[in-house]
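Chain by chain, the residues:
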Amino acid sequence: MLASPAVTGQRQISLLMAAALVTLAAAVAAGCGSTKESSAGSTSSTSSSCAKGDLNLVSSGTLTIGTDNPAFPPWFGGTPKAPWKVSDPRSGKGYESAVAYAVAKQLGFTKDEVSWEHVPFNNSFAPGPKSFDFDINQISVTPARAKVVDFSDSYYDVNQSVVVNKGTPIASATSVAALKPYELGAQLGTTSYQYIQQNIKPSKKPSVFPSNAGAVQALKNKQIDGLVVDLPTAFYVTAVQVPNSKVLGQFPAQPGGEHFGMVFQKGNSLVRCVNSALSKLRGNGTLKQLQQQWLAKATGAPTLK
């Protein structure tokens, strides 16, 4: 039996409506899929991918690294060349320079594709935009600093120490308590200065200096009794900067330890890629080998308790 023209027309309309709905659903699905793919692609290029071309850099194709000037051994080495004083971070010599180039290599950069920029110590972890991709300058990771910048994982675990002039009254001290009567000094903004205030708590107000070079000069001139610095720097001070001085001792490690981390602008996706590079360098023994090469002499100081 043949359907009436009216019924046939209704069926055709129903089929056309069903086809339209299928087409619309497919378009919506395709649209959703496209959005997700685009979003994933965008994330990949800014935060997920560590391919050289996808890294979030201040200058495309160049890894820009900040540090202070002068740059001192054992962290940096080599004959100074303009504009760098004391040591040239571009040399690849010294622990921090060597670590920086090792990280750069892991990220796919040749030595010629690395650029160094002078960044004063306190500016490196100040709030705001950065002119560098990361800064490496014996900067300890602290909760206060981490509120305004991001840090890499540790590339060196460090203890604080105190340097004194031989033959002075403080030179016979054997404990933290014995340091309390003396005038101690450190660079402004450092964990060395914080250690004096929070742990030693001397009876005399500690002296603070805009740069570590100024603090070293004060010790050399005997304007302060003791200089508090990280242990590897202390050995350089006694070997080169202040004749007839000695490392009186190192302080006990703090709960959780003190660590040097590379500094990044807050929210920079490059942090994850640098951490991945550091993990590989730690796993294959490169960090340990570089510590032995550049920091082996910075050991052996007694612990002051």
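Computed from a prediction, not measured in an experiment: that's the story for all the values here.

Thresholds applied
Residues numbered from 1 in each chain as written. Predicted model: local features only at pLDDT ≥ 70, side-chain atom pairs only at ≥ 80, totals over all residues. Heavy atoms only, no water. Phe/Tyr/Trp six-rings, centres within 6.5 Å; stacked < 30°, edge-to-face > 60°. Helix = DSSP H or I, 4+ residues; strand = E, 2+ residues; numbered from the N terminus. Buried < 20%, exposed > 50% of the residue type's maximum accessible area, 1.4 Å probe, protein only. Lys NZ or Arg CZ within 6 Å of the ring centre and 35° of its normal. Axes fitted to C-alpha atoms, helices over the stretch in contact; angles between N-to-C directions. Parallel < 35°, antiparallel > 145°, perpendicular 65-115°, else oblique. Contact = heavy atoms within 4.5 Å. Nonpolar A, V, L, I, M, F, W, Y, C, P; charged D, E, K, R; others polar.

Engineer: What is the right way to look at the packing of aromatic side chains in this model?
Structural biologist: Any aromatic ring pair is given by two values, namely how distant the centres are and how the planes are angled relative to each other. What the rule picks out here adds up to 13 aromatic pairs. Residues Phe72 and Tyr236 carry aromatic rings whose centres are separated by 6.3 Å and whose planes lie at 50° to one another, so their mutual orientation is tilted. Note that Phe72 is positioned in the loop between strand E1 (63-67) and helix H2 (95-107) and Tyr236 in helix H7 (residues 231-241), a separation of 164 residues in sequence. With a relative accessible area of 15%, Tyr236 lands in the buried category. An aromatic cluster is defined as three or more aromatic residues linked by ring pairs; in this entry it consists of Trp75, Tyr95, Tyr155, Tyr156 and Phe260. Here the guanidinium or amino end of Lys111 rests over the ring plane of Tyr101, the centre of that ring lying 5.3 Å away. The ring centre of Phe125 lies 4.2 Å from the NZ or CZ of Arg145, which sits over that ring.

Engineer: Explain the packing of H2 against helix H8 (residues 270-283) here, please?
Structural biologist: Helices that pack against each other are described as a pair by the angle of their axes relative to one another and the distance between those axes. Relative to each other, H2 and H8 sit at 105°, their axes nearing to 9 Å. In this view, H2 runs roughly perpendicular relative to H8, as classed from their interaxial angle. Contacts from Val99, Ala102, Val103, Gln106 and Leu107 in H2 reach Leu270, Cys273, Val274, Ala277, Leu278, Lys280 and Leu281 in H8. Within the contact of H2 with H8, the residues separate by chemical class into 10 nonpolar, 1 polar and 1 charged.

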